[in-house]
Amino acid sequence: MTDQVEHKRKILAGAKRVVIKIGSTLLSDGLGVDTARLTRLVDEICSLDNRQVIVVSSGAVAVGMAKLNNGERPRSVPQRQAAAAIGQIGLMALYEKAFGDRGRTVAQVLLTHDDLANRARYINARHAFEALLEAAAIPVVNENDTVAVEEFLNFGDNDNLSALVATLTGAGLLVILSDVDGLHDANPTNNPQARRIPLVSRIDRETRAHVTDDASGIGTGGMGSKLRAAEKVTAAGIPCIVASGLEAGTLAKVFDADHDKGTLFLAQGDRLSRRKHWIAHTLAPTGSLSLDDGALRAVSEKGRSLLPKGVAAVSGRFEAGDCVSCLAPDGTEVARGLVNYGHRDLDRIRGHHTDEIQTILGYRLGDEVIHRDDLVVLKDPR
């Protein structure tokens, strides 16, 4: 019995709800969608008995590119939006037919980063997923490229989106299907001696050293994006499997407890609460705070709140309640959190003791710049 198989047995026994991400490289045949492969993957999904399945699918832009007779991935935002708007209709029609032929109902869910960055909308999205799954529908999720204009409103790639959806819905497992069978100790596309790494207990600098962040001309997510997605979802206590979906029977092997397939990333023991995971991995920081050495130790080693005295510099424009990055003296991001004071007032009280806040500002919302309940330490920052 391999190490992966030993862990998979326990994981699969408890994974009643799973998120399966299907990459663009699997669905595109260069002229549009490879309908035979899409149909085969739908077949395999429908064969997963007694599991609720959420699909995160790339491919809309690839379909749009084909319909526009454009062989190159769009470079400008308007071109990508046009390709996505055209392609999304065709892609969902294929999913609806494939699932419908097997007696299953499919639902389209389009999300932007702003939908999940807003706490109320995040909770509403979770309730919508619950209602769909309760109705035995299979949600097919994609980024709403047509309205996601600004960079911070984009997920960046659907690997990242799949990790956020898995966390949002409380999935027991995230499966990322690609054209490479998991993480290797070298790039398998140009090194035939590259060896697959079947099990990763913890993602650290050594793990990242195996990755080059190349992406295909069709998709935006290379192995680097898959590793970052695995890091986010495992921090929420959800394991992740990255595997090739090129060959038939992929999902049967992934969900076979006795089969060693792809790379299994184990969930971390220090599971973040959903709210703290939302702060760390869903919100886009709107500014940063540079910490002195004392504050760095208090926050990262002792789990304390951040006080004004420990803030050495304030950067960016933000208001109370916004997410900001906390930086070590060398500029490394060590934590993220929700601030109690906006950038103007925080710049006035930084370096001062808490009993001076009232005198300086004329009001006092609390002693902490960021309360420890609103602060997430990034334990192994890149």
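This text follows the structure it describes.
Summarised in this report is the structure supplied together with it.

Calculation notes
- Residues numbered from 1 in each chain as written.
- Predicted model: local features only at pLDDT ≥ 70, side-chain atom pairs only at ≥ 80, totals over all residues.
- Heavy atoms only, no water.
- Phe/Tyr/Trp six-rings, centres within 6.5 Å; stacked < 30°, edge-to-face > 60°.
- Helix = DSSP H or I, 4+ residues; strand = E, 2+ residues; numbered from the N terminus.
- Buried < 20%, exposed > 50% of the residue type's maximum accessible area, 1.4 Å probe, protein only.
- Contact = heavy atoms within 4.5 Å.
- Salt bridge = Lys/Arg side-chain N within 4 Å of Asp/Glu carboxyl O.
- Core = buried A, V, L, I, M, F, W, Y, C linked by side-chain atoms within 4.5 Å.
- Pairing = 2+ DSSP bridges.
- Axes fitted to C-alpha atoms, helices over the stretch in contact; angles between N-to-C directions.

### Some thoughts on the packing of aromatic side chains
Here is step 1: Under the definition given, this model contains 3 aromatic pairs.
Here is step 2: Aromatic pair Y122 and W278: ring centres 6.4 Å apart, planes at 55 degrees, arrangement tilted. Taken together, the residues span a long stretch of sequence, with Y122 in helix α7 (residues 119–134) and W278 in helix α12 (residues 274–281) at a distance of 156 residues.
Here is step 3: Among the residues examined, W278 registers a relative accessible area of 7% and is labelled buried.
Here is step 4: A centroid spacing of 6.1 Å and a plane angle of 40 degrees characterise the contact between Y341 and Y363, whose relative ring orientation is tilted. Residue Y341 is found in the loop between β12 (333–338) and α14 (343–349), and its partner Y363 is found in the loop between α15 (357–361) and β13 (375–377); the two are separated by 22 residues along the sequence.
Here is step 5: With relative accessibility at 1%, the residue Y341 sits in the buried group.

### Considerations on the environment of V109
Here is step 1: Tracing the backbone through its elements, the reader meets V109 in strand β3 (residues 105–111).
Here is step 2: C-alpha of V109 to C-alpha of G337: the two residues are 228 residues apart in sequence and 29 Å apart in space.
Here is step 3: Not counting chain neighbours up to four residues away, the residues in contact with V109 comprise F129, L132, P139, V140, V141 and N142.

### Brief notes about the pattern of salt bridges
Here is step 1: Tallying each qualifying case throughout the model produces 18 salt bridges.
Here is step 2: Across the pair D374 and R275 runs a salt bridge whose closest N-O atoms are separated by 2.7 Å. Taken as a pair, D374 in the loop between α15 and β13 and R275 in helix α12 lie far apart in primary sequence, 99 residues in all.
Here is step 3: What you see here is one network of salt bridges that share partners, running through K21, D159 and K226.

### Re the nonpolar core
Here is step 1: Residues V19, V141, V165, L174, C240 and F265 are the most contacted members of the largest nonpolar core, which totals 44 residues.
Here is step 2: Considering each element in turn, this core owes the most residues, 6 residues, to helix α8 (residues 158–169).
Here is step 3: V141 has contacts with I54, V55, V56, S57, V109, L111, F129, L161 and V165, leaving out every residue within four places of it along the chain.

### So, the sheet that holds β3
Here is step 1: Strand order in this open sheet of 8 strands is β3-β4-β2-β1-β5-β7-β8-β6, and the pairing throughout is mixed. Only two strands of the sheet have a single neighbouring strand rather than two, namely β3 and β6 (199–200).
Here is step 2: Its contacts with the sheet place α7 against β1 (17–22), β2 (52–57), β3 and β4 (137–143), and it is angled at close to 145 degrees to β4.
Here is step 3: The sheet strands contacting α8 are β1, β2, β3, β4 and β5 (173–178), and the helix crosses β1 at an angle near 170 degrees.

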